[in-house]
Amino acid sequence: MQRMVSGIKPTGELTLGNYIGAIKNFVDFQEKYELFVFIADLHALTTIQDKSKLRKRIKDIAAFYIACGLDPEKATIFIQSEIPAHSQMSYLLECTSYVGELNRMTQYKDKSKDDSASIQTSMFTYPVLMAADILLYDPDFVPVGDDQKQHVELARNIAERFNSRNGEFFKVPEPVIPKAGARIMDLQNPTKKMSKSGDTDKGYILLTDNLNLIKNKIKSAVTDSDTLVKFDKEKKPGISNLLTIYSVLSNLTIAEIENKYTNQGYGNFKKDLAEIVATQIGKIQEKYNQIINSNKLNQILDAGLEKASKIAHKKIMKANSKLGLGRKK
Ligand code: AMP
Ligand code: TRP
């Protein structure tokens, strides 16, 4: 079975964008791949965090993974910081990457544009830690949103460089970008990605939002002044975003939905979409509430830790040895 690795960092509460762009795909992938999914808590420290909020979000993501349908019998779910090999491998890969290539990472460039002096070093080296997260497990594929594709490319380059310096050691993985839903946009500003850091809380839907609030957010999503339910990303970004959400959550094609709402205007379309989103998130919330304070969650994370750490520990020990560190055995 081919292997996949991915993670989400616990920096904000999960949004509908995270669900559609990431978690929902993991749930499909667990059927076909040996899936490792983790909570990338070390990555959260690239910015200063409130400790008790961070700890709550780590557990929340784990609970939402399961509530959204990840099955611990099929997928290995773990917390990144509980496996020291991630940080250790990150250092070895810092010794395999160049400042120049990290400088080219667009996410870093965006974040450091205003004031690089107040940006933590870890924000700069973050893609190397991400490469370590990936390469430790020798995956075939890494599912990520399109904003993370560049980081996976970097991981590939680092793997190839390490292999050419030290002999074949890392598998060189392929990124997998979801076709639909790669980028769910802000409901109020549909040219921007939906994110917890959006300007207004009406622009994003949280998986923890009250169901009525969710419906209202969909109904008050920005559309345009004509009334055609038609996909046109350039001219009709708002309605196109809603069509994408509708399509992913209903398994209907965009064309089927367009046909369904011919000559109906936006009202019915939005009302139906509001129901679809609220119903699906409602089901997720029910499962989340069952698991969040149960002992089962800890058991799942312990089992995931045990399985992942065996692989990671072996790999880091071998990497150290490949590089000539320590004593020869
Ligand atoms: P983040 O919350 O930015 O750490 O993202 C975690 C995962 O969710 C990554 O795979 C992102 O690409 C994905 N993601 C975040 N926001 C969105 C969005 N608005 N649309 C699609 N995918 C998203
Ligand atoms: N950087 C990713 C994000 O912001 C999260 C992440 C960390 C990740 N390590 C990873 C994703 C390894 C895939 C594989 O979304």
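Source: prediction; values computed, not measured. (Residues numbered from 1 in each chain as written. Chains lettered and ligands numbered in written order. Predicted model: local features only at pLDDT ≥ 70, side-chain atom pairs only at ≥ 80, totals over all residues. Heavy atoms only, no water.)

> I would appreciate a short explanation of the overall build of the chain in the present structure.
Helix and strand content of the chain: 13 helices and 5 strands. Dimensions of the chain, computed from the C-alpha atoms along their principal axes, are close to 75 × 45 × 40 Å. The buried share of the chain, reckoned over its 329 residues, is 50%. Taking all contacts inside the chain whose residues are at least 6 apart in sequence as the whole, residues at least 24 apart take part in 74%. Carbon and sulfur atoms provide 49% of the accessible area of the chain, an area that totals close to 16200 Å². (Helix = DSSP H or I, 4+ residues; strand = E, 2+ residues; numbered from the N terminus. Buried < 20%, exposed > 50% of the residue type's maximum accessible area, 1.4 Å probe, protein only. Contact = heavy atoms within 4.5 Å. Areas by Shrake-Rupley, 256 points an atom, 1.4 Å probe, with all protein chains shown as cover.)

> Is there a simple way to think about the packing of aromatic side chains in this case?
The relative placement of two aromatic rings is captured by the distance of their centres and the angle of their planes. The final tally for this structure, using the stated rule, is 14 aromatic pairs. Considering the side-chain rings of Phe 169 and Phe 170, the 4.8 Å spacing of their centres and the 65 degrees angle between planes classify their relative orientation as edge-to-face. The buried category is assigned to Phe 169, whose relative accessible area is 11%. Summarising the aromatic geometry, the rings of Tyr 246 and Phe 269 are spaced 5.6 Å apart at their centres and angled 10 degrees between planes, so their arrangement reads as stacked. Taken as a pair, Tyr 246 in helix 10 (residues 237-250) and Phe 269 in helix 12 (residues 265-291) lie far apart in primary sequence, 23 residues in all. Both residues of the pair, Tyr 246 and Phe 269, belong to the buried class. Every member of this aromatic cluster is reached through a ring pair, and the members are Phe 36, Phe 38, Phe 78 and Tyr 137. Its end group placed over the ring of Phe 169, Lys 315 keeps NZ or CZ at 3.9 Å from the ring centre. (Phe/Tyr/Trp six-rings, centres within 6.5 Å; stacked < 30°, edge-to-face > 60°. Lys NZ or Arg CZ within 6 Å of the ring centre and 35° of its normal.)

> In this structure, what is going on with the site of ligand 1? I would like to understand it.
Residues in close proximity to ligand 1 total 14 residues, the closest being Asn 18, Gly 145, Asp 147, Ile 184 and Met 194. For ligand 1, an oxygen atom lies 2.9 Å from a polar atom in the side chain of Asn 18. Within the backbone of Met 194, one N or O atom sits 2.9 Å away from a nitrogen atom of ligand 1. Coverage of ligand 1 by the protein chains reaches 88% of its 480 Å² of free accessible surface. Ranked by residue count, the leading element in the shell around ligand 1 is helix 1 (residues 16-29), at 4 residues. (Near = heavy atom within 4 Å. Polar contact = N/O pair within 3.5 Å; in protein donor to acceptor, adjacent residues only side chain to side chain.)

> I would appreciate a short explanation of the environment of Gln 49 in the present structure.
Checked against the element boundaries, Gln 49 lands in the loop between helix 2 (41-44) and helix 3 (51-67). Taking the relative accessible area as the measure of exposure, Gln 49 reaches 16% and is therefore buried. Residues Gln 49 and Asp 186, spaced 137 residues apart in sequence, show a C-alpha to C-alpha distance of 24 Å. Of note is the side chain of Gln 49, whose polar atom sits 3.4 Å from the side chain of Arg 57.

> Quick question: what am I supposed to make of the site of ligand 2 here?
Taken together, 13 residues are adjacent to ligand 2, and Lys 9, Tyr 126, Met 130, Asp 133 and Gln 148 come closest. At 2.3 Å, a side-chain N or O of Tyr 126 approaches a nitrogen atom of ligand 2. Between ligand 2 and Asp 133, the relevant distance is 2.7 Å, taken from a nitrogen atom to a side-chain nitrogen or oxygen of the residue. Bound to the protein, ligand 2 loses 91% of the 360 Å² it would expose on its own. Of all the secondary structure elements, the ones that give two or more residues to the shell around ligand 2 are strand 1 (3-8) and helix 7 (121-135). For the shell around ligand 2, a count of residues per class yields 7 nonpolar, 4 polar and 2 charged. (Nonpolar A, V, L, I, M, F, W, Y, C, P; charged D, E, K, R; others polar.)

> Sorry, what's going on with the pairing of strand 2 (residues 34-39) here?
For a regular strand, the rule is simple: side chains alternate between the two faces of the sheet. Burial within strand 2 is extensive, with 5 of its 6 residues counted as buried. Pairing between strand 1 and strand 2: 6 bridges, direction parallel. Bridged to Ile 8 within strand 2 is Ile 39. Crossover connection from strand 1 via helix 1 to parallel strand 2: handedness right-handed. Alignment of strand 2 against strand 3 (residues 75-79), held across 5 bridges, turns out to be parallel. Bridge pairing in strand 3 places Phe 36 opposite Thr 76. (Pairing = 2+ DSSP bridges. Right-handed = clockwise from strand over helix to strand, strands pointing away.)

Purely geometric numbers; function is a separate question.
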